[in-house]
Amino acid sequence: EAEARRAKLREGATALAARIQAITVRIPVKVGAEGRLFGSVNPLDIAAGLKAQGIDVQKQQVEMPHPIKELGPAKVMVKLMADVRAELKVDVVGE
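These lines cover the structure that appears in this document, whether it is placed above or below.

Rules used in this analysis
- Residues numbered from 1 in each chain as written.
- Predicted model: local features only at pLDDT ≥ 70, side-chain atom pairs only at ≥ 80, totals over all residues.
- Heavy atoms only, no water.
- Helix = DSSP H or I, 4+ residues; strand = E, 2+ residues; numbered from the N terminus.
- Buried < 20%, exposed > 50% of the residue type's maximum accessible area, 1.4 Å probe, protein only.
- Contact = heavy atoms within 4.5 Å.
- Areas by Shrake-Rupley, 256 points an atom, 1.4 Å probe, with all protein chains shown as cover.
- Lys, Arg positive; Asp, Glu negative; His and termini not counted.
- Charge placed at Lys NZ, Arg CZ, Asp CG, Glu CD.
- Pairing = 2+ DSSP bridges.
- Axes fitted to C-alpha atoms, helices over the stretch in contact; angles between N-to-C directions.
- Expected span 1.5 Å × (residues − 1).
- Arc of directions from axis to C-beta.
- Salt bridge = Lys/Arg side-chain N within 4 Å of Asp/Glu carboxyl O.

Scanning the protein chain from terminus to terminus reveals two helices and four strands. When the elements of the protein chain are put in sequence order from the N terminus, they spell out α-β-α-β-β-β. Dimensions of the protein chain along its principal axes, counting C-alpha atoms only, are 60 × 20 × 15 Å. When each of the 95 residues of the protein chain is scored for burial, the buried share is 32%. Put simply, of all contacts in the protein chain between residues at least 6 apart along the chain, 54% involve residues at least 24 apart. Of the roughly 6,300 Å² of accessible surface on the protein chain, a fraction of 53% belongs to carbon and sulfur atoms. Once the 15 positive and 12 negative side-chain charges of the protein chain are each reduced to a mean point, those two points are 2 Å apart.

Pasting the structure below:
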């Protein structure tokens, strides 16, 4: 029974990974005169952007080597299970 439950969880995580990989999350940020960001984009911002598109993940699931500090496209990994990850496209835009 535990094996069946684990298989069902993996199936759900795999389907969610496909949804995440198919979208781009736009993150609007405040920008200074020379196009420099005030602050940076962190896992909490990305989790909120996913939630706005109906995908609920925790900030701990967003894997980033460092915060995003510039405008434009970026990619981050979202860990759904120990062996299921999804690459998410992020577009950081000035507001």
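Following the structure, the description resumes.
Bringing the sheet that holds strand β2 (residues 62–63) into the picture now. Within a beta sheet, neighbouring strands are joined by backbone hydrogen bonds and run either parallel or antiparallel to one another. With mixed pairing, the four strands of this open sheet are ordered in space as β1-β4-β3-β2. The open sheet terminates on both sides in strands that have one partner only, identified here as β1 (24–29) and β2. Sheet topology places strand β3 (residues 72–81) next to strand β4 (residues 84–94); nine bridges connect them, and they run antiparallel. Note that in β4 the partner of Val78 across the bridge is Ala86. Its contacts with the sheet put helix α1 (residues 2–22) on β3 and β4, and the angle it makes with β4 is roughly 25°. Where helix α2 (residues 43–52) meets the sheet, it contacts β1, β2, β3 and β4, and its direction lies at approximately 125° from that of β1.

Each α-helix winds once per 3.6 residues, and so residues spaced three or four apart point in a common direction. The end-to-end C-alpha distance of α1, which contains 21 residues, comes to 30 Å, matching closely the 30 Å that a straight helix rising 1.5 Å per residue would cover. Among the residues of α1, those classed as buried are Ala13, Ala17 and Ile20. For α1, the buried positions fall inside an angular range of 60° around the axis, keeping them on one side. Exposed residues on α1 whose side chains face more than 90 degrees from its buried face are Ala4, Lys8, Glu11 and Ala22. Where the residues of α1 are buried, they touch α2, β3 and β4.

Attention now goes to the pattern of salt bridges. Scanning the model with the defined rule gives six salt bridges in all. Of the charged contacts in the structure, one is a salt bridge between Glu3 and Arg6, with a shortest N-O distance of 3.2 Å. You can see Glu3 and its partner Arg6 sitting in helix α1, three residues apart, about one turn around the helix. Residue classification places Glu3 among the exposed positions, given a relative accessible area of 54%. Residue classification places Arg6 among the partly exposed residues on the basis of a relative accessible area of 41%. The salt bridge partner of Glu63 is Arg85, with a shortest N-O separation of 3.0 Å. Here Glu63, found in strand β2, pairs with Arg85, found in strand β4; they are 22 residues apart in sequence, far enough to count as distant.

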